[in-house]
Amino acid sequence: MKHFKLFFILSCLILFSCTATKPLTSNVRPTEVTDLKLLEPFSYISMIQKGNRGQLDDSISFIANQIICHVLKNNSGQLPLTGDIILPDTAIRNSLEKEYEFLILSADRTKNITNLKITPTIDKVLEANDTRFGLLIINTGFTRIKGNYGKEVAKGAALGILTLGMYYQTPIKAYSTIYAMIVDSKEDNIAFFRKSYLQDKEPLDESVLTKQIRKIFEGYFWTAD
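The residue count restarts for each chain, going from 1 along the sequence in the order it is written. Only residues with pLDDT of at least 70 are given local features in this predicted model, and only at 80 or more are side-chain atom pairs given and counted; all residues enter the totals for whole chains, interfaces and linings. Side-chain calculation: all heavy atoms of the structure are included, whereas hydrogens and water are not.

### Description of the overall build of the chain
Next up, step 1: The number of helices and strands found in the chain is six helices and nine strands.
Next up, step 2: The rule is simple: take the accessible area with a 1.4 Å probe, protein chains only, and divide by the maximum for that residue type; under 20% is buried, over 50% is exposed, in between is partly exposed. Sorting the 225 residues of the chain into buried and exposed places 50% on the buried side.
Next up, step 3: Put simply, 77% of the contacts in the chain that link residues at least 6 apart link residues at least 24 apart.
Next up, step 4: We get accessible surface area from the Shrake-Rupley algorithm with a probe of 1.4 Å; when it comes to residues, only the shown protein chains can shield them. Summed over its atoms, the accessible surface of the chain is roughly 11,900 Å², and 54% of this surface lies on carbon and sulfur atoms. Where helices and strands are cited, they refer to DSSP runs of H or I of at least four residues and of E of at least two residues respectively, numbered from the N terminus. Contact criterion: two residues are considered in contact whenever any of their non-hydrogen atoms come within 4.5 Å of each other.

Structure, rendered in structure tokens:
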């Protein structure tokens, strides 16, 4: 997932607001998405312990994954989820991870899903489970250890004073991004793609992830609040 991590870091440098991208959809209507199963989500959360450099943390990434699954389950009354597909086979799981990366980065970079086709492993997994639609979720972000943010703000303020404010920059406290994609094994394409990104919001906060999931499917599975 090296390419995905690099793309995420660059995105954090560019995006400075709380919002969601424009939804990309196929000709399939939301009301037709009735047989939807959640494929195992992947989370990549970094921890900043010193300065402003983060390192991917497997422990908090696992926690984030559990939280996102819980959020999706709590919204199952509005999301047409009929179950989930979790595969213990490491080789298949690794293939899925690479295919998630390819599909999601392709959609996010081009802002177009018209010519994007479902990938082989995902297609086989859905067909083996007699499922037409699969929900792919990737959750990325970073957080900081206690006390780190205050120190970095102080450093920035001191630098601003020394340079008469020319180089003052407030560091970002935390960041949370959720990518969601619905793949269609019948049409062999992508039915839906959208992402939500929140600056200065903790990627391990269930209320934050709930807000993002609701924003992603707003106007698709449910109307705007």
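### Brief notes about the packing of helix H2 (residues 58-74) against helix H6 (residues 206-216)
Next up, step 1: For helices, the axis comes from a line fit to the C-alpha atoms of the stretch in contact; other axes are also lines fit to C-alpha atoms, and the angle between any two N-to-C directions lies between 0 and 180 degrees. Interaxial distance between H2 and H6 falls to 10 Å at its minimum, and their mutual angle equals 55°. One way to sum up the angle between H2 and H6 is to call them oblique. Both H2 and H6 take part in a crossing whose hand is right-handed. From H2, Ala64, Ile67, Ile68, His70, Val71, Leu72 and Asn74 reach across to H6, where they touch Glu206, Leu209, Thr210 and Ile213.
Next up, step 2: Across the contact of H2 with H6, the residue classes break down as seven nonpolar, three polar and one charged. Oblique is the label for any angle not under 35 degrees, not over 145, and not in the 65 to 115 range, which are roughly parallel, roughly antiparallel and roughly perpendicular in turn. Crossing handedness follows the turn of the near helix against the far one: under a right angle anticlockwise gives a left-handed crossing, and clockwise gives a right-handed one. Any residue that is not Ala, Val, Leu, Ile, Met, Phe, Trp, Tyr, Cys, Pro, Asp, Glu, Lys or Arg is counted as polar, Gly included; the first ten are nonpolar and the last four charged.

### Focus: helix H3 (residues 90-110)
Next up, step 1: The length a helix should cover is 1.5 Å for every residue beyond the first. For H3, with 21 residues, the first-to-last C-alpha span of 30 Å sits near the 30 Å given by 1.5 Å per residue.
Next up, step 2: Polar contact is defined as a pair of N or O atoms within 3.5 Å, subject to the rule that within protein one atom must be able to donate a hydrogen and the other to accept it, and that residues adjacent in sequence are counted only when both atoms are side-chain atoms. One side-chain oxygen of the residue at the start of H3 lies 3.0 Å from the amide nitrogen of Ala91, identifying that residue as Asp89.
Next up, step 3: Two residues or fewer after H3 comes Lys111, characterised by a positive phi angle close to 55°.

### A word on the nonpolar core
Next up, step 1: Throughout this description, the term nonpolar core refers to a set of buried Ala, Val, Leu, Ile, Met, Phe, Trp, Tyr and Cys residues connected via side-chain atoms within 4.5 Å. With 25 residues, the main nonpolar core has Leu135, Ile137, Ile182, Phe217 and Phe221 as its most contacted residues.
Next up, step 2: Taken together, the elements giving at least two residues each to this core come down to strand E3 (36-39), H2, strand E7 (133-144), strand E8 (175-184), strand E9 (189-199) and H6.
Next up, step 3: Apart from residues lying up to four places away in sequence, Leu135 is in contact with Leu36, Lys37, Leu38, Leu39, Leu72, Leu81, Met181, Ile182 and Phe217.
Next up, step 4: The next biggest cluster of nonpolar side chains, apart from the first, holds 23 residues, and it includes Ala107, Ile138, Met181 and Ile190.

### Describing the environment of Arg194
Next up, step 1: One can find Arg194 in strand E9.
Next up, step 2: Residue class for Arg194 comes out buried when judged on its relative accessible area of 9%.
Next up, step 3: Distance in space between the C-alpha atoms of Arg194 and Ile104 is 9.3 Å, their sequence separation being 90 residues.
Next up, step 4: If we ignore the near neighbours within four places in the chain, the residues touching Arg194 are Ala20, Thr21, Lys22, Pro23, Ile178, Tyr179, Ala180, Lys215, Ile216 and Glu218.
Next up, step 5: Looking at Arg194, its side chain comes within polar contact range of the main-chain oxygen of Ile216, at 3.2 Å.

### Looking at the packing of aromatic side chains
Next up, step 1: Any pair of Phe, Tyr and Trp rings, taking the six-membered ring for Trp, is counted once the centres come within 6.5 Å. Such a pair is stacked with planes under 30 degrees apart, edge-to-face with planes over 60 apart, and tilted for the rest. This structure, assessed with the given rule, holds seven aromatic pairs.
Next up, step 2: Ring geometry for Phe42 versus Tyr100: centroids 5.0 Å apart, planes at 85°, classification edge-to-face. Linking Phe42 in strand E4 (residues 42-50) with Tyr100 in helix H3, this pair joins segments that are 58 residues apart in sequence. Like Phe42, the residue Tyr100 is buried in the burial classification.

### Thoughts on the side chain of Ser43
Next up, step 1: Inspection of the secondary structure puts Ser43 in strand E4.
Next up, step 2: Side chain to side chain, Ser43 and Asn65 meet in a polar contact 2.8 Å long.
Next up, step 3: In contact with Ser43, other than residues within four places in its own chain, are Ser61, Ala64, Asn65 and Asn139.

### Some thoughts on the pairing of E4
Next up, step 1: In terms of residue burial, E4 counts as a mostly covered element, since seven of its nine residues are buried.
Next up, step 2: Here a strand pair is declared whenever DSSP counts at least two bridges between the two strands. With seven bridges connecting them, E4 and E7 associate as parallel partners. By the bridge assignment for E7, Met47 is matched with Thr143.
Next up, step 3: When E4 meets strand E5 (residues 53-56), the two strands line up antiparallel, connected through four bridges. Note that in E5 the partner of Lys50 across the bridge is Arg53.

### Thoughts on the environment of Thr114
Next up, step 1: On the secondary structure map, Thr114 appears in the loop between H3 and helix H4 (120-128).
Next up, step 2: You can call Thr114 exposed: its relative accessible area is 58%.
Next up, step 3: Each C-alpha atom of the pair Thr114 and Leu24 lies 8.9 Å from the other, and the pair is 90 residues apart in sequence.

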